[in-house]
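Spelled out from the first residue to the last, the chains are:
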Protein chains: 2
Amino acid sequence: MSAMVSQSKDDVAAVMQELGSAAKQAARALATATPDQKNLALTAAADQLRVSKDAILKANKQDIEAGKAKGMTAAFLDRLTLDDERIDAIADGLRAIAELDDPVGKTIATIERPNGLKIDRVRTPLGVIGVIFESRPNVTADAGALCLKSGNAVILRGGSDSYHSSRAIHEALQFGLEKAGLPKTAIQLVPTTDRAAVGEMLKGLSGNIDVIVPRGGKSLVARVQEEARVPVFSHLEGICHVYVDKSADLEMAEQIVLNAKMRRTGICGAAETLLVHRDVADVLVPQLCAALAAKGCAIRGDDAVRALYADAAPASEEDWSTEYLDAILSVKIVGDTAEAIAHVQRYSSGHTEAIIAEDDQSVDAFFAQVDSAIVMHNASTQFADGGEFGMGAEIGIATGKMHARGPVGVEQLTSFKYLVHGTGQTRP
Amino acid sequence: MSAMVSQSKDDVAAVMQELGSAAKQAARALATATPDQKNLALTAAADQLRVSKDAILKANKQDIEAGKAKGMTAAFLDRLTLDDERIDAIADGLRAIAELDDPVGKTIATIERPNGLKIDRVRTPLGVIGVIFESRPNVTADAGALCLKSGNAVILRGGSDSYHSSRAIHEALQFGLEKAGLPKTAIQLVPTTDRAAVGEMLKGLSGNIDVIVPRGGKSLVARVQEEARVPVFSHLEGICHVYVDKSADLEMAEQIVLNAKMRRTGICGAAETLLVHRDVADVLVPQLCAALAAKGCAIRGDDAVRALYADAAPASEEDWSTEYLDAILSVKIVGDTAEAIAHVQRYSSGHTEAIIAEDDQSVDAFFAQVDSAIVMHNASTQFADGGEFGMGAEIGIATGKMHARGPVGVEQLTSFKYLVHGTGQTRP
């Protein structure tokens, strides 16, 4: 495989074309696979992950050593590292997906017409999904399993830094497919780390990819926006806001903001900007900022914030549109709910925003006018997660408005068709 | 206005950019407009269409005369022509859309979580919709009204041949918007016939267009596929198939095929290819082809068809992928249901297909394996229509699988967001 890395662009294109047509063929078989078959593939893969733990850990060690040699950060190496427990968690994840309701073939609406036609709207797979992700090797299993459960073939393109780990996990997935009598090409891993492969996927592999799910940072997102010629479920940044209204329960506000920012700073649902109503700023800002600082969070504030909390660094215009993914919070004082909403409308990435308030009017305005995938009242933005929404698992949080929005679980990975039951009707 | 036609590309781009940002602003206002406001705009526009009938007919006459001078066909001129009755029908259409349920803000699912979070999934507008259409002036009203009802701002780009008619209708729509206190820019008509405007729309007007709905023939579709940088609800061709199984009630089959092909030949739900099971071909083909011919339909058949019906012309490979939109039918004899399905999978445009059969196994296989927006059993493909599906009105039939599929009515023109109701929850 490593030989492929040095192949020419034409070779990469040819390899990718083959992957595309194999995926399209596999998608046909998957569309009519039974729930039992798909679940067997998932549970057999879960078992196989445990059986092949040594091989997976060995492959992972290769990636870790290469990462160390490249001088990757400790946080990066942590995301990359697998151990016994993490492999068990991946296997448990496959079993959990097997246990979800099968979305394919489910009737989601029925229309009865006066002429006797009965029209069922039933879920169908989308077809072939291309997933482009970065260094977490577990995404290989999660994304592969979610696509399989929803009856889709998938082409996975993982980051080069986790290439060997992803391959080892992928082998277990293909073992499961084979055991269930499903085509191994239902879950394919791009067999090269050449970045040209991403470009080929974004072009759609001659119409064989139905949708791309990109999971990654700014540079991937920019590339997708520039080059994609197929539909995309964008998983953009999460510039999440918490607005504390003057009607807020301030004790609750403090707990929520601490959680929204500091529970885990590296996830897309972490708060990045705090907006505080002027009338409660005197009380809330000094105390909350000190509490955040005590947990290691740096504060960047506007002038009004800095007047109340001297340790705040000045926030620049850039801060308002930055996803820190780190222990940093930008803080701004606003005159009213309308100003808070206007700030969110301007700077939000459309992911998740929360209002902390007791006043219904403020909540209603925020809910009506903030157009993000998830809008919360008196809850932490860190609940923005497919599992927390009861979806079982997710392939990401979509920040676009087409097809999927918010957590993308198995249902969001389906389309639908209309099945019309007639008894000889002709149209007058 | 006619001066604009001769403006430079840069000027067109500048005009379109302005339309885009005005639409985005209008979309914000529309997202929180009340159902009553939107309905008032629609009914006031309907009244105004009747009031300004003379002006509309005068504008229409300009288009008709230009069309005649260009030597347009009678069918084309018929589609273009407005009269008293057709204007009344357009006005009635606006009133019918006003009477539909308002989709915006409707809760479509509720999730209750063990931690007390209540999560509502509610419909929201998509934002700004760009509609690119051809010569039927009534689309100005239909598309404008459907977008308004679903809370979306719309930029309409009609064909140059109906430009004056569309403008006159558009004035009535803007009259209605003004009367309801809504921004006139909620429904904008591109004020130029320069084709560069289409290119600008396909590029998305700096992120201000959320989705493009193209309605047109092959050349528009090809251009959209090549140039679109925003999501598209494709309204591609309707290469619709009817398959008559060996288990079919042959009398029913004859009635359905005659209706599916000949009721109206120019609509996208008209059948273009007939597949007949070998076991019933001897009886069905000669009789059905003669009945079709008696109604003016030309038959193009494979060798087996021509052996049974001598008047059939030979079908070429191209015939199987041609949307005639005319009184022509391609006919092929197949060995079994699997062969019929394989033919459909290969040549269908994903619009509508029908099976005529009494045998459940054949129907089940056809329903499961044919992946078109609409799949029918014992009914005419001409029922592929939003009105016939009980949706009230449609902006087209989507043949893609993302977001909207099949008839695109007001619900399909919406997205959704999650509203999370908490009582102070933080994530452990």
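Residues numbered from 1 in each chain as written. Chains lettered and ligands numbered in written order. Predicted model: local features only at pLDDT ≥ 70, side-chain atom pairs only at ≥ 80, totals over all residues. Heavy atoms only, no water.

Engineer: When you look at the overall build of chain A in this model, what are you seeing that I'm missing?
Structural biologist: Tallying secondary structure elements over chain A gives 14 helices and 16 strands in all. Computed over its C-alpha atoms, the radius of gyration of chain A comes to 24 Å, within 12% of the 22 Å expected for a compact globule of 428 residues. The C-alpha extent of chain A, read off along each of the three principal axes, is 70 × 65 × 40 Å. Relative to all contacts within chain A whose residues are 6 or more apart in sequence, the contacts with residues 24 or more apart total 73%. (Helix = DSSP H or I, 4+ residues; strand = E, 2+ residues; numbered from the N terminus. Rg over C-alpha atoms; globule rule 2.2 N^0.38 Å. Contact = heavy atoms within 4.5 Å.)

Engineer: Can you walk me through the interface of chain A and chain B in this structure?
Structural biologist: Accessible area lost when the parts come together is the quantity often used to give the size of an interface. On the side of chain B, 67 residues touch chain A, which itself brings 67 residues to the contact. Summing both sides of the interface, chain A and chain B together bury roughly 5500 Å²; the carbon and sulfur share of this comes to 53%. The three residues of chain A that bury the most area against chain B are Met402, Tyr418 and Arg427 of chain A, which together make up 15% of that side's buried surface. At the boundary of chain A with chain B, the tally comes to 2 salt bridges. For the salt bridge of Glu388 of chain A with Arg427 of chain B, the shortest nitrogen-to-oxygen distance reads 3.4 Å. (Buried area = accessible area lost by both parts, 1.4 Å probe. Salt bridge = Lys/Arg side-chain N within 4 Å of Asp/Glu carboxyl O.)

Engineer: Honestly, the pattern of salt bridges in this entry has me stumped. Any pointers?
Structural biologist: Close approach of charged atoms lets side chains of opposite charge pair. For the coordinates displayed, the defined rule picks out 40 salt bridges over all chains. Residue Glu272 of chain A is joined to Lys261 of chain A by a salt bridge in which the shortest nitrogen-to-oxygen separation is 2.9 Å. Of this pair, Glu272 of chain A sits in strand E8 (residues 271-277) while Lys261 of chain A sits in helix H10 (residues 250-262), and the two are 11 residues apart along the sequence. Each of the two residues, Glu272 of chain A as well as Lys261 of chain A, counts as buried. One salt bridge connects Asp210 of chain B with Lys24 of chain B, and the closest N-O pair in it is separated by 3.2 Å. Here Asp210 of chain B, found in the loop between helix H8 (196-203) and strand E6 (211-214), pairs with Lys24 of chain B, found in helix H1 (residues 9-31); they are 186 residues apart in sequence, far enough to count as distant. Asp210 of chain B gets classed as buried once you look at its relative accessible area, which sits at 16%. (Buried < 20%, exposed > 50% of the residue type's maximum accessible area, 1.4 Å probe, protein only.)

Engineer: Explain the environment of Pro125 of chain B here, please?
Structural biologist: Inspection of the secondary structure assignment puts Pro125 of chain B in strand E2 (residues 118-125). Separated by 55 residues in the primary sequence, Pro125 of chain B and Ala180 of chain B place their C-alpha atoms 19 Å from one another. The contacts of Pro125 of chain B, once residues within four sequence positions are left out, are Lys401 of chain A together with Ala31, Val104, Ser150, Gly151, Asn152 and Ser415 of chain B.

Engineer: Looking at this model, I keep getting lost on unusual backbone geometry. Mind explaining?
Structural biologist: Where the residue is not glycine, phi is negative for most of them; where a peptide bond is considered, it is trans in most cases. Residue and element names in this part refer to chain B. Unlike most non-glycine residues, Leu205 shows phi in positive territory, near 50°. With respect to the secondary-structure elements, Leu205 resides in the loop between H8 and E6. For Leu205, a relative accessible area of 1% puts it in the buried group. Positioned with a positive phi, Asn378 is a non-glycine residue whose angle comes to about 50°. Inspection of the secondary structure assignment puts Asn378 in strand E13 (residues 374-379).

Engineer: Looking at this structure, I do not really get the UniProt feature "domain: Aldehyde dehydrogenase" (unreviewed entry) in chain A. What am I missing?
Structural biologist: What UniProt calls "domain: Aldehyde dehydrogenase" (unreviewed entry) maps, in this numbering, to residues 16-293 of chain A. Along residues 16-293 of chain A the backbone is 54% helical and 15% strand, and the end-to-end C-alpha distance reaches 49 Å. (UniProt positions renumbered as here; feature names shortened; annotations may be inferred.)

Engineer: Teacher, can you tell me more about the packing of H10 of chain A against helix H11 (residues 278-294) of chain A here?
Structural biologist: Two packed helices can be described by the angle between their axes and the distance between those axes. All names here are of chain A. Interaxial distance between H10 and H11 falls to 10 Å at its minimum, and their mutual angle equals 40°. Compared by their axis directions, H10 and H11 come out oblique. Pair H10 / H11 crosses with right-handed handedness. Each of Leu250, Glu254, Val257, Leu258, Lys261 and Met262 in H10 lies in contact with H11, whose residues at this interface are Val280, Val283, Leu284, Gln287, Leu288, Ala291 and Leu292. Classifying every residue of the contact of H10 with H11 by side-chain character gives 10 nonpolar, 1 polar and 2 charged. (Axes fitted to C-alpha atoms, helices over the stretch in contact; angles between N-to-C directions. Parallel < 35°, antiparallel > 145°, perpendicular 65-115°, else oblique. Left-handed = near helix turned anticlockwise from the far one by under 90°. Nonpolar A, V, L, I, M, F, W, Y, C, P; charged D, E, K, R; others polar.)

Engineer: I'm lost on the sheet that holds strand E4 (residues 153-157) of chain B in this one. Help?
Structural biologist: Sheet strands pair via backbone hydrogen bonds, and the direction of the pair is either parallel or antiparallel. Residue and element names in this part refer to chain B. What the 4 strands build is an open sheet, ordered E5-E4-E3-E6; its pairing is parallel. The outermost strands of the open sheet, each flanked by one partner alone, are strand E5 (187-189) and E6. Between one strand axis and the next, the sheet turns through 20° on average, direction left out of account. Direction of pairing for E4 relative to E5: parallel, over a ladder of 3 bridges. Bridge pairing in E5 links Val154 to Ile187. (Pairing = 2+ DSSP bridges.)

Engineer: I keep staring at the sheet that holds strand E2 (residues 118-125) of chain A and nothing clicks. Help me out?
Structural biologist: If you walk across this open sheet you meet the 10 strands as E1(A)-E2(A)-E16(A)-E13(B)-E12(B)-E7(B)-E8(B)-E11(B)-E9(B)-E10(B), and the pairing is mixed. Edge strands, defined here as strands with exactly one partner in the open sheet, are strand E1 (107-112) of chain A together with strand E10 (313-314) of chain B. When E1 of chain A meets E2 of chain A, the two strands line up antiparallel, connected through 5 bridges. Within the sheet, the bridge partner assigned to Thr110 of chain A lies in E2 of chain A and is Asp120 of chain A. On top of the sheet, helix H10 (residues 250-262) of chain B reaches strand E16 (414-425) of chain A together with strand E7 (240-244), strand E8 (271-277), strand E11 (328-334), strand E12 (352-356) and E13 of chain B; it is set at about 170° to E7 of chain B, its chief contact. Against the sheet, helix H11 (residues 278-294) of chain B contacts E7, E8, strand E9 (298-301) and E11 of chain B, and its axis sits at roughly 145° relative to E8 of chain B.

Engineer: For this particular structure, what's the right way to read the state of the cysteines?
Structural biologist: As used in these notes, a disulfide is a covalent bond between sulfur atoms, one from each of two cysteines. Residues and elements named next belong to chain A. Within this structure, the stated rule accounts for 0 disulfides over all chains. Unpaired in terms of disulfides, Cys240 finds its nearest cysteine sulfur in Cys268, a separation of 6.9 Å. Exposure remark for Cys240: the relative accessible area of 0% places this residue in the buried category. Not engaged in a disulfide, the cysteine Cys297 finds its nearest cysteine sulfur in Cys289; these two sulfurs lie 8.4 Å apart. The buried category is assigned to Cys297, whose relative accessible area is 5%. (Disulfide = S-S within 2.5 Å.)

Engineer: Got a minute to help me understand the packing of aromatic side chains in this structure?
Structural biologist: One pass over the full model with this rule turns up 6 aromatic pairs over all chains. Measuring from ring centre to ring centre gives 5.2 Å for Tyr418 of chain A and Phe389 of chain B, while their planes differ by 85°; the resulting arrangement is edge-to-face. Here the residue Tyr418 of chain A occupies a position in strand E16, and Phe389 of chain B occupies one in the loop between E13 and strand E14 (397-398), the pair thus bridging two chains. A relative accessible area of 1% places Tyr418 of chain A in the buried class. Given a relative accessible area of 2%, Phe389 of chain B falls into the buried group. Directly above the aromatic system of Phe416 of chain A lies the positively charged group of Arg121 of chain A, at a separation of 3.9 Å from the ring centroid. (Phe/Tyr/Trp six-rings, centres within 6.5 Å; stacked < 30°, edge-to-face > 60°. Lys NZ or Arg CZ within 6 Å of the ring centre and 35° of its normal.)

Engineer: Honestly, the relation of the copies chain A and chain B in this entry has me stumped. Any pointers?
Structural biologist: In this arrangement, two copies of a chain are superimposed by a rotation about an axis accompanied by a shift along the axis. The transformation that overlays chain A on chain B combines an axial shift of 0.0 Å with a rotation of 180°, and the residual RMSD is 0.1 Å. Both copies are brought into coincidence by an operation consistent with a two-fold rotation axis. Looking at the rotation axis and the C-alpha trace of chain A, the residue lying nearest is His403 of chain A, at 1.9 Å. A share of 100% of interface residues in chain A that are also interface residues in chain B marks the association as one of identical surfaces. (Least-squares fit on C-alpha atoms with pLDDT ≥ 70 in both.)

Engineer: Quick question: what am I supposed to make of the nonpolar core here?
Structural biologist: Proteins that are soluble and globular tend to have nonpolar side chains buried together. If you look at the biggest cluster of nonpolar residues, it comprises 74 residues, and the most contacted ones within it are Leu49, Leu94, Val131, Ile155, Phe233 and Ile395 of chain A. Dropping the residues within four chain positions of it, Leu94 of chain A is found in contact with Leu42, Ala45, Ala46, Leu49, Ala141, Ala145 and Leu173 of chain A. Core analysis: the next-biggest nonpolar cluster, separate from the first, contains 73 residues, Leu94, Leu173, Ala196 and Val410 of chain B among them. (Core = buried A, V, L, I, M, F, W, Y, C linked by side-chain atoms within 4.5 Å.)

Engineer: So what exactly am I meant to see when it comes to H1 of chain B here?
Structural biologist: Residues spaced three or four apart along an α-helix face the same direction, because each turn holds 3.6 residues. If you check H1 of chain B, its first and last C-alpha atoms are 32 Å apart, about what 23 residues at 1.5 Å a residue would give, namely 33 Å. Inspection of H1 of chain B places Val12, Ala13, Met16, Leu19, Gly20, Ala22, Ala23, Ala26, Ala27 and Leu30 of chain B among the buried residues, and these make up the whole buried set. (Expected span 1.5 Å × (residues − 1).)

Engineer: What am I meant to see in the packing of helix H2 (residues 35-51) of chain A against helix H7 (residues 163-179) of chain A here?
Structural biologist: All names here are of chain A. Taken N-terminus to C-terminus, the directions of H2 and H7 make an angle of 135°; their axes are 7 Å apart at the nearest point. Classified by the angle their axes make, H2 and H7 are oblique. Considering the relative orientation of H2 and H7, their crossing is right-handed. Contact residues: Leu40, Ala41, Ala44, Ala45, Gln48 and Leu49 in H2; Ile169, Ala172, Leu173, Phe175, Gly176, Leu177 and Lys179 in H7. Of the residues belonging to the contact of H2 with H7, the class tally is 10 nonpolar, 2 polar and 1 charged.

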